[in-house]
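# Secondary and tertiary structure notes
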Amino acid sequence: MLKFIENFTIEYESEYKSEYDLSQKRNYSTPKIYSASGDLTKRWYVYFSYREPKSGKLKRLPPIYGKVNALKTKEDRLAILTAYRRVLLKLLKSGFNPFEDNSDLIKGKTDNLLPKKKEPQKPIEPTQVKGSPKEEQPEEERMTIEDALKFGLELKQVTLSQTAYRSFKSHIKIFKDWLVKDKPDLKYIDEVNKKIVITFLNKIVKETSTRNRNNFRVDISSLIQLLYDNELVTSNFVKPIPVLKTTPKRNKKFTPKQDKEILQYLEKEDPLLLLFIKFVSINFLRPIEVCRLRVGDLNIEEKQLQFKAKNSPLKTKLIPKLLLDDLPDLSQLDPDLYLFTPQAIGGEWNIIPDNKRGYFSNRFKKVVKDKFGLGIDYGLYSYRHTYITMIYRELTKQYSEFEAKSRLMQITGQSSMAALETYLRDIDAILAEDYSNYIEQSKKDK
């Protein structure tokens, strides 16, 4: 057995290209990856069980890890272990038995690995009980829905950020609960198909929104693709399901009068929230990017700040003098403290960024609703839209349209000119000149 493990990690270096016959009954469990919930200080490996000849029971065999634990990133470890798992599964399907001599198989003598002629598959008889195992794949080789979803979540936890994984896990749990309730006859993951997923997505769009339905589609497709990559399903049948068109809701911009009145009120009643807003309106950070800032992310001497952006892992921006002058003295604060907390600048606030953003968004909406009678169309993003429009229109007074957009793109941090132009159109920053003279001239000509 130890010799097998040694040779297996060498065998990984070259993938087998043959497809193997799945019709023979097997005596092994589907190999799985242990990722220690993403903890790089612990050992990661592939594990499986095989039926012991004497007892006839499945026995857990020593894990396979090779040199994977020398790798320093989650992505690298997962990539290697996924390949280990794939090669191991092919070896098991081709007849490998850890309790027998497998030297020909392990050393690469592939006579026994050549594709076998498959017998024509018999059609499922109409009398077959719904949910019973398909004839072309024995029950022992099939993974249950519960195990497949658990397997997918374990791997996704390694590759996704904490926020993305939480959303992914929530969507998959809702999908799983729906399968249990509405499709109780389904047991195995290979019984889930395109029609079933479409039925679920139709339910979501009726109960919530098109956008939410599309988000569920993305996460379910990502999960099925992962299962396909690990040979647990035969295709990603979710990918062809179309994305439905959505109409995003935009926050309204403030008028100059509204802007002035709100800022004057906050200066007296809530200076902390006012400073938060200035990072959105003057530095053009998204609210969640402000929530992620720590004291050490601001370099006051260089007049710069670093933050985790939507479209890149780390970005650097200038801190404008207008904002720099309003910042308190940060020199005595621990650089690891969060810049914004509910009570003060610089402190501990160990909740997820989404909840922090929700806190400040609700704090602001309460002000605009209770004190200024504005509706839900006005939020923190209203300030971002208002000030970007303000700067763009000032730039067009001094520069050509292209140069104005080029300068604005450096300020806002949009990833491309096309993205900036789309954004400006969406917030109605670009307006046509007064065309009254064209109408008047047309009437004169008639």
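By convention here, each chain's residues receive numbers from 1 onward along its written sequence. The predicted origin of the model limits local features to residues at a pLDDT of at least 70 and limits the giving and counting of side-chain atom pairs to 80 or more, whereas totals for whole chains, interfaces and linings rest on all residues. For side-chain calculations, the full set of non-hydrogen atoms in the structure is used, while hydrogens and water are omitted.

### With respect to the pairing of strand β6 (residues 304-307)
Residue exposure (1.4 Å probe, protein chains only): buried if accessible area is under 20% of the type maximum, exposed if over 50%, otherwise partly exposed. Counting from the N terminus, the helices are DSSP H or I runs at least four residues long and the strands are E runs at least two residues long. In β6, alternate side chains face the same way, and those of L305 and F307 are buried while those of Q304 and Q306 on the opposite face are not. Each pair of strands is called paired provided DSSP finds at least two bridges between the two strands. What sits between strand β5 (residues 298-299) and β6 in their antiparallel hairpin is a turn of four residues, with K303 showing a positive phi close to 60°. Examined bridge by bridge, β6 and strand β7 (residues 315-318) share four bridges and lie antiparallel to one another. By the bridge assignment for β7, Q306 is matched with T316.

### Digging into unusual backbone geometry
Most peptide bonds take the trans configuration, and most residues that are not glycine carry a negative phi. One non-glycine residue, F284, adopts positive backbone phi at about 55°. Mapped onto the fold, F284 is located in the loop between α9 (271-281) and α10 (287-292). With a phi close to 60°, D428 is a non-glycine residue in the positive phi region. With respect to the element layout, D428 can be found in the loop between α15 (417-426) and α16 (436-445).

### Structural notes on the confidence of the model for the protein
For every residue, the pLDDT score states the predictor's confidence, bounded by 0 at the bottom and 100 at the top. When the pLDDT values of the protein are averaged, the result is 83; 84% of them are 70 or greater. Within the protein, α9 carries the highest mean pLDDT (96), whereas helix α1 (residues 2-11) carries the lowest (54). Here a residue-residue contact requires only that any non-hydrogen atoms of the pair lie within 4.5 Å. Counting contacts from residues 13-24, a segment whose pLDDT is below 50, to residues more than four positions away or on other chains yields 32 contacts. Residue range residues 109-138 is modelled with pLDDT below 50. Its contacts to residues more than four positions away, or to other chains, number 33 contacts.

### Observations concerning a nonpolar patch on the surface
Side chains of Y435, Y438 and I439 sit close together on the surface and give an oily, nonpolar patch of about 380 Å² of accessible area. Following the sequence through the fold, Y435 ends up in the loop between α15 and α16. Patch definition: residues with relative accessible area over 30% and no salt bridge; like charges joined within 9 Å; nonpolar side chains (Val, Leu, Ile, Met, Phe, Trp, Tyr) joined within 5 Å. Computed with a 1.4 Å probe, the accessible areas rest on the Shrake-Rupley method; for each residue, only the protein chains presented here act as cover. Put simply, a salt bridge is a Lys or Arg side-chain nitrogen that is within 4 Å of an Asp or Glu carboxyl oxygen.

### Quick look at the packing of aromatic side chains
Within 6.5 Å between ring centres, the rings of Phe, Tyr and Trp (the latter by its six-membered ring) count as paired, and their orientation is classed by plane angle as stacked under 30 degrees, edge-to-face over 60, tilted in between. Enumeration according to the criterion identifies 20 aromatic pairs in this entry. Relative to Y383, the ring of F254 lies with its centre 4.7 Å away and its plane at 50°, an arrangement referred to as tilted. Of this pair, F254 sits in the loop between α7 (210-229) and α8 (256-269) while Y383 sits in helix α13 (residues 380-398), and the two are 129 residues apart along the sequence. Each member of the pair, F254 together with Y383, is buried. Note on criteria: charge over ring means Lys NZ or Arg CZ within 6 Å of the ring centre, with the direction from the centre no more than 35 degrees off the ring normal. Directly above the aromatic system of W44 lies the positively charged group of R77, at a separation of 5.4 Å from the ring centroid. For the cation-ring pair, K156 lies above F168, with the distance from its terminal atom to the ring centre recorded as 5.7 Å.

### Here we look at helix α12 (residues 353-370)
Every α-helix carries 3.6 residues per turn, so stepping three or four residues along brings you back to the same face. Given the number of residues in a helix, its expected span is that number minus one, multiplied by 1.5 Å. A rise of 1.5 Å per residue sets the reference length of α12, with its 18 residues, at 26 Å; its end C-alpha atoms lie 26 Å apart and thus fit the reference within 8%. All buried positions along α12 are accounted for by K356, F360, S361, R363, F364, V367 and V368. Projected onto a plane normal to the axis of α12, the buried residues spread over an arc of 155° and lie on a single side. Among the exposed residues of α12, those oriented more than 90 degrees off its buried face are N362, K366 and K369. Here the arc refers to the set of directions running from the helix axis out to each C-beta atom.

### Concerning the environment of Y265
In this structure, Y265 sits in helix α8. Considering only alpha carbons, one finds Y265 and V367, 102 residues apart in sequence, at a separation of 9.2 Å. Discounting chain neighbours no more than four positions away, the residues touching Y265 are D270, V367, K371 and F372.

### A closer look at helix α14 (residues 401-412)
Look at α14: 16 Å from first C-alpha to last across 12 residues, which is about the 16 Å you get at 1.5 Å a residue. Where α14 is concerned, the buried positions are A404, K405, L408 and T412. Projection of α14 onto a plane perpendicular to its axis shows the buried side chains occupying an angular sector of 95°, all on one side. Exposed and oriented more than 90 degrees from the buried face of α14 are F402 and Q410. Elements in contact with the buried residues of α14: β7, α13 and α15.

### A look at the sheet that holds β6
Strand order in this open sheet of three strands is β5-β6-β7, and the pairing throughout is antiparallel. Here the strands that pair on one side only, and so sit at the sheet edges, are β5 and β7. Note: β5 against β6, two bridges, orientation antiparallel. Counterpart to L298 in the pairing with β6 is L305.

### Re the environment of Y228
With respect to the helices and strands, the residue Y228 is situated in helix α7. Residue Y228 is classed as partly exposed on the basis of its relative accessible area of 38%. Contact partners of Y228, with chain neighbours within four places excluded, come to V233, T234, S235 and N236.

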